[in-house]
Amino acid sequence: MIHLLVRRSANVRAKSIEKHLEVSIVASNFREKGTNVGDSQEHPWVIQCVNHLSLTGMQFCRDFLLEPIVVNPDIELPLVIQQLMRSTLSGLARGNQPVRSSEGTGGAYFMQDSSGQEYVSVFKPVDEEPMAVNNPKGLPLSKDGEGLKKGTQVGEGALREVAAYILDHPRSGPRILHCEEKGFAGVPPTAMIKCLHEGFYHSNGYEGSPMNMKIGSLQMYVRNCGSCEDMGPGAFPVEEVHKISVLDIRLANADRHGGNILVARDDEGRLVLVPIDHGYCLPKKFEDCTFDWLYWPQAQTPYSPETIQYIKLLDAEEDIKLLRLHGWDIPIECARVLRVSTLLLKKGAERGLTPFAIGSIMCRETLKKESVIEQIMREAQESLCPGASEAAFLEAVSTIMDHQLDELSS
């Protein structure tokens, strides 16, 4: 067995010369398109292991590969993401296998550290999402490409996981390119990666070839003492529930339940809530928006002045630009939902409405009955001439929304 530590992707070839084996390693050009490194810089988080160099069959197989997917070369990976990848790679290099979660409807893998005693990250391949081609839970394939939630697409869950982290701006202001600050809601650091390993689900077998490469989201694992599903909401601090509500309303989360809000303790022992699983945020329509926290007592309390100030600084147009800068050309319908939901959050918070009041506007009372926000959007569309601009549509939405909110707040 031969283990190679390579600083970038490399072509490895082996050939037999009489009784000897000649191995050649040709590294990629550090200044190739898609990288952002200088002559003396390297990507220390990229490791490849080579195993099974057979003298007889001359077969070559890579045990594993893990690399970040960076679309924009001007974006430098935050240090916390680099460290996350290093820790994950160290575990794989030690032979610690990915551990597939028994929960959920898609493939999700707990990645171990070098000791094999701790989880450091969670990897979710796009081809193992619910209703995707390699879903390990036996769910049927989507017939039209739509995901489990209305307005989502199979295979786009990883993009939304990363988007939730990018748009979870710190309290200090909008997240910049190299921001290391923790986000307001505390979405764990998340990045898009490609990973090759036999420990993932491969319905057609594993050969260690590029065909077995997985693309998906890698998120920092958060130590916790359970989820909100495991305990009553009465013990949760108001501000902790409110920060989750701000994130969910803004991103029109279609899958917020107690099971994907972790309960943890900070360094001072205080209880904190950590939101995870954002593969169904930023849908193309509001139809499936669901917030479990809507009926918690904390949702009946108005936002604090500090939270209202944070909400005032939110800017949907800048958020859309930021997502595109990171490589997600967000669909027009998803961008519209983000604009409308952000508008609702800002207007509602300004009027002193509670998370319950604002969230109730976005969620349906029954499966068949439109939510208030859906009614507002339909009325706005019907009031315009065909071919009206997006700006005209948003202006119409704003006017109708003001009328609805004024009635509610009075």
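Structural notes, computed from the coordinates. (Residues numbered from 1 in each chain as written. Predicted model: local features only at pLDDT ≥ 70, side-chain atom pairs only at ≥ 80, totals over all residues. Heavy atoms only, no water.)

Turning next to the overall build of the chain. When you go through the chain residue by residue, the secondary structure sums to nine helices and eleven strands. Buried residues in the chain amount to 50% of all 410 residues. Within the chain, contacts between residues at least 6 apart in sequence are counted, and of these 66% link residues at least 24 apart. Split by element, the accessible area of the chain, about 19,900 Å² in all, is 51% carbon and sulfur. (Helix = DSSP H or I, 4+ residues; strand = E, 2+ residues; numbered from the N terminus. Buried < 20%, exposed > 50% of the residue type's maximum accessible area, 1.4 Å probe, protein only. Contact = heavy atoms within 4.5 Å. Areas by Shrake-Rupley, 256 points an atom, 1.4 Å probe, with all protein chains shown as cover.)

Because the α-helix completes a turn every 3.6 residues, residues three or four places apart line up on one side. A large share of helix α2 (residues 157-167) lies buried, amounting to ten of its eleven residues. Of the residues making up α2, those classed as buried are G157, A158, R160, E161, V162, A163, A164, Y165, I166 and L167.

Looking now at the environment of M362. Structurally, M362 is set in helix α7 (residues 355-362). Owing to a relative accessible area of 0%, M362 belongs among the buried residues under this scheme. Through-space distance from the C-alpha of M362 to that of L344 is 9.1 Å; in sequence the pair is 18 residues apart. Setting aside anything within four residues of it in sequence, one finds M362 in contact with I249, A252, F286, C289, F291, S341, L344, S371 and I373.

Our next topic: the nonpolar core. Grouped together as the largest cluster of nonpolar side chains are 45 residues, with contacts concentrated most on L273, F286, W293 and V340. Only α3 (238-251), β10 (261-265), β11 (271-275), α4 (305-312), α6 (332-350), α7, α8 (372-382) and α9 (390-409) provide two or more residues apiece to this core. Per-element accounting of this core gives the leading share, seven residues, to α9. Aside from chain neighbours lying at most four places away, what touches V340 is F286, I373, M377, F393, L394, V397 and M401. (Core = buried A, V, L, I, M, F, W, Y, C linked by side-chain atoms within 4.5 Å.)

For the rest of this paragraph, the subject is the pairing of strand β9 (residues 214-220). Burial analysis of β9 places five of its seven residues in the buried class, the great majority of the element. Bridge count between strand β7 (residues 119-125) and β9: five bridges; the pairing is antiparallel. Following the sheet pairing, P125 is matched in β9 by G216. Pairing geometry for strand β8 (residues 190-197) and β9, over six bridges, is antiparallel. (Pairing = 2+ DSSP bridges.)

Together, I69, V71 and I215 line one region of the surface with nonpolar side chains, adding up to about 240 Å² of accessible area. Among the structural elements, I69 can be located in the loop between β4 (61-68) and α1 (79-93). (Patch = residues over 30% accessible without salt bridge, like charges linked within 9 Å, V, L, I, M, F, W, Y side chains within 5 Å. Salt bridge = Lys/Arg side-chain N within 4 Å of Asp/Glu carboxyl O.)

Counting across every chain of the model gives 26 salt bridges. Between E318 and K321 there is a salt bridge, with the nearest N and O atoms lying 3.5 Å from each other. Here E318 pairs with K321, and both are found in helix α5 (residues 316-325), just three residues apart, close to one helical turn. Within this structure, K285, E287, R364 and E374 form a network of salt bridges that share partners.

This brings us to the packing of α6 against α8. Contact geometry of α6 with α8 gives a least axis separation of 12 Å together with a crossing angle of 115°. Classified by the interaxial angle, the pair formed by α6 and α8 is roughly perpendicular. For the pair α6 and α8, the sense of crossing is right-handed. In this structure, α6 uses R336, V340 and L344 to contact α8, whose residues at the interface are I373, M377 and Q381. Tallied by class, residues from the contact of α6 with α8 come to four nonpolar, one polar and one charged. (Axes fitted to C-alpha atoms, helices over the stretch in contact; angles between N-to-C directions. Parallel < 35°, antiparallel > 145°, perpendicular 65-115°, else oblique. Left-handed = near helix turned anticlockwise from the far one by under 90°. Nonpolar A, V, L, I, M, F, W, Y, C, P; charged D, E, K, R; others polar.)

Before going further, it helps to spend a moment on the state of the cysteines. Scanning the model with the defined rule gives zero disulfides in all. No disulfide involves C228; its sulfur sits 9.6 Å from that of C225, the nearest cysteine. (Disulfide = S-S within 2.5 Å.)

This paragraph deals with the packing of α3 against α6. In the contact formed by α3 and α6, the axes pass within 7 Å of each other and the chain directions differ by 140°. By the angle between their directions, the pair α3 and α6 is classed as oblique. Contacts between α3 and α6 pair V246, I249, R250 and L251 from the former with L338, S341, T342 and L345 from the latter. Here the residues of the contact of α3 with α6 sort into five nonpolar, two polar and one charged.

One non-glycine residue, M131, adopts positive backbone phi at about 70°. Relative to the helices and strands, M131 resides in the loop between β7 and α2. We note that L282 has phi near 50°; this positive angle belongs to a residue other than glycine. Within the secondary structure, L282 is located in the loop between β11 and α4.

Quick look at the environment of D230 now. Of note, D230 is situated in the loop between β9 and α3. Considered as a pair, D230 and G259 are 29 residues apart in the sequence and their alpha carbons are 7.9 Å apart. Polar contacts involving the side chain of D230 include one to the main-chain amide nitrogen of S227, which spans 2.8 Å. (Polar contact = N/O pair within 3.5 Å; in protein donor to acceptor, adjacent residues only side chain to side chain.)

This part takes up a negative patch on the surface. A grouping of E103, E229, D230 and D292 is seen on the molecular surface, where their side chains present a negatively charged patch. In this fold, E103 is placed in the loop between β5 (99-100) and β6 (109-112). The class of E103 is exposed, set by a relative accessible area of 62%. (Lys, Arg positive; Asp, Glu negative; His and termini not counted. Charge placed at Lys NZ, Arg CZ, Asp CG, Glu CD.)

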